[in-house]
Amino acid sequence: MSIKENLEQIKASLPKNVTLVAVSKTKPESDIMIAYGAGQRVFGENKIQEMTSKWENLPKDIKWHMIGHVQRNKVKYMAPFVSLIHGVDSLKLLKEINKQAQKHDRIINCLLQVHIAKEDTKFGMDEGEVISLLGSDEFKNMQNIKIMGLMGMATFTEDETRIKDEFTFLHGLFEKLKGIYPASAKINIDTLSMGMSGDYNIAIACGSNMVRIGSNIFGARNYN
């Protein structure tokens, strides 16, 4: 099927409350424009320089989400335009995002990445670190950051029970934080980004309201 047909089929299958992030990493701008022509406006990239180049060349109503691991020295490149950063995994990174957002007189929306997988290669904080960050004086002093919720990546496995358990844990933490932190200028816990091409249906069943889907839309990636 074509990119347009894949996109339409996935969109038709998603509940109304679920935001689709079309993961366009490594894909050419022509592919993104096909998806754009089919109505998609939210795209996810995992390399800041690649995303910046695409932002410069493509329509300005696209919302660019940074979904990969973020290196602090690259934040400055996306600070003028990034719509949502999914992978905030430390207070140090949040400080850098705040600093760069300040330079552009912007408030940058962020998700805190929680480590839920049984894999050391995945990034993220544990529950205690998330609560500690949100309660810290340093965070309270940041004027150019808004925490919108949580992001997590499940273990890459065929074991659906394990995936479900990991997503269920993250949803529980999401609900807990919503109870602790009422919506304010700094925190509005309303986005739970979990689920990718292989497991997004499980994620949605476990409470996800934002899914990151790439290969099911654009086809397999060529990393050569």
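The paragraphs below set out a description of the structure included in this document. (Residues numbered from 1 in each chain as written. Predicted model: local features only at pLDDT ≥ 70, side-chain atom pairs only at ≥ 80, totals over all residues. Heavy atoms only, no water.)

1. Section: the pattern of salt bridges
Counted by the stated rule, this structure contains 9 salt bridges. In this structure, the salt-bridge partner of K176 is E127, at a minimum N-O distance of 2.5 Å. Of the two residues, K176 sits in helix 8 (residues 160–180) while E127 sits in helix 6 (residues 127–135), which places them 49 residues apart along the sequence. Look at E127 and you get partly exposed, because its relative accessible area is 24%. Residues participating in the shared-partner salt-bridge network are E45, E50 and K54. (Salt bridge = Lys/Arg side-chain N within 4 Å of Asp/Glu carboxyl O. Helix = DSSP H or I, 4+ residues; strand = E, 2+ residues; numbered from the N terminus. Buried < 20%, exposed > 50% of the residue type's maximum accessible area, 1.4 Å probe, protein only.)

2. Concerning the layout of surface pockets
Volume-wise, the largest pocket comes out at about 800 Å³. At the level of secondary structure, the elements contributing two or more residues to the lining of the largest pocket comprise helix 8 and strand 8 (210–213). Looking at the lining of the largest pocket, its residues break down into 11 nonpolar, 11 polar and 8 charged. (1 Å grid on protein atoms, 1.4 Å probe; cavity = no way out; pocket = protein on both sides within 12 Å on 5 of 7 lines; lining within 4 Å. Points joined across faces, edges and corners; volume = space filled by probe spheres on them. Nonpolar A, V, L, I, M, F, W, Y, C, P; charged D, E, K, R; others polar.)

3. Notes on a negative patch on the surface
A surface patch of negative charge is lined by E158, D159, E160 and D165. Checked against the element boundaries, D159 lands in the loop between strand 6 (145–152) and helix 8. D159 gets classed as partly exposed once you look at its relative accessible area, which sits at 38%. (Patch = residues over 30% accessible without salt bridge, like charges linked within 9 Å, V, L, I, M, F, W, Y side chains within 5 Å. Areas by Shrake-Rupley, 256 points an atom, 1.4 Å probe, with all protein chains shown as cover. Lys, Arg positive; Asp, Glu negative; His and termini not counted. Charge placed at Lys NZ, Arg CZ, Asp CG, Glu CD.)

4. A short note on the environment of L14
Within the secondary structure, L14 is located in the loop between helix 1 (3–13) and strand 1 (19–23). Separated by 175 residues in the primary sequence, L14 and I189 have C-alpha atoms spaced 21 Å apart. Excluding residues within four positions of it along the chain, L14 makes contact with L20, Y200, I204 and V211. (Contact = heavy atoms within 4.5 Å.)

5. Concerning the side chain of H86
Residue placement: H86 occurs in strand 4 (residues 84–88). If near-sequence neighbours (up to four positions away) are discounted, H86 is found in contact with V21, H65, M66, I67, L111, L112, Q113, M151, S193, M210 and R212.

6. Notes on the packing of helix 1 against helix 2 (residues 29–37)
Where helix 1 meets helix 2, the closest approach of the two axes is 9 Å, and the angle between their N-to-C directions is 45 degrees. By the criterion of interaxial angle, the relationship of helix 1 to helix 2 is oblique. In the packing of helix 1 onto helix 2, the handedness of the crossing is right-handed. Residues I3, K4 and L7 of helix 1 form the contact with helix 2, whose own contacting residues are D31, I34 and A35. Split into classes, the residues belonging to the contact of helix 1 with helix 2 amount to 4 nonpolar, no polar and 2 charged. (Axes fitted to C-alpha atoms, helices over the stretch in contact; angles between N-to-C directions. Parallel < 35°, antiparallel > 145°, perpendicular 65-115°, else oblique. Left-handed = near helix turned anticlockwise from the far one by under 90°.)

7. Looking at unusual backbone geometry
Phi is positive for T26, which is not a glycine, with a value near 70 degrees. As for its placement among the helices and strands, T26 is situated in the loop between strand 1 and helix 2.

8. Some thoughts on the sheet that holds strand 1
Reading around the barrel, the 8 strands line up as 1-2-3-4-5-6-7-8 and close back on themselves, with parallel pairing between neighbours. Put simply, the sheet's adjacent strands are angled 30 degrees from each other on average, direction ignored. When strand 5 (residues 108–114) meets strand 6, the two strands line up parallel, connected through 7 bridges. Following the sheet pairing, V114 is matched in strand 6 by G152. (Pairing = 2+ DSSP bridges.)

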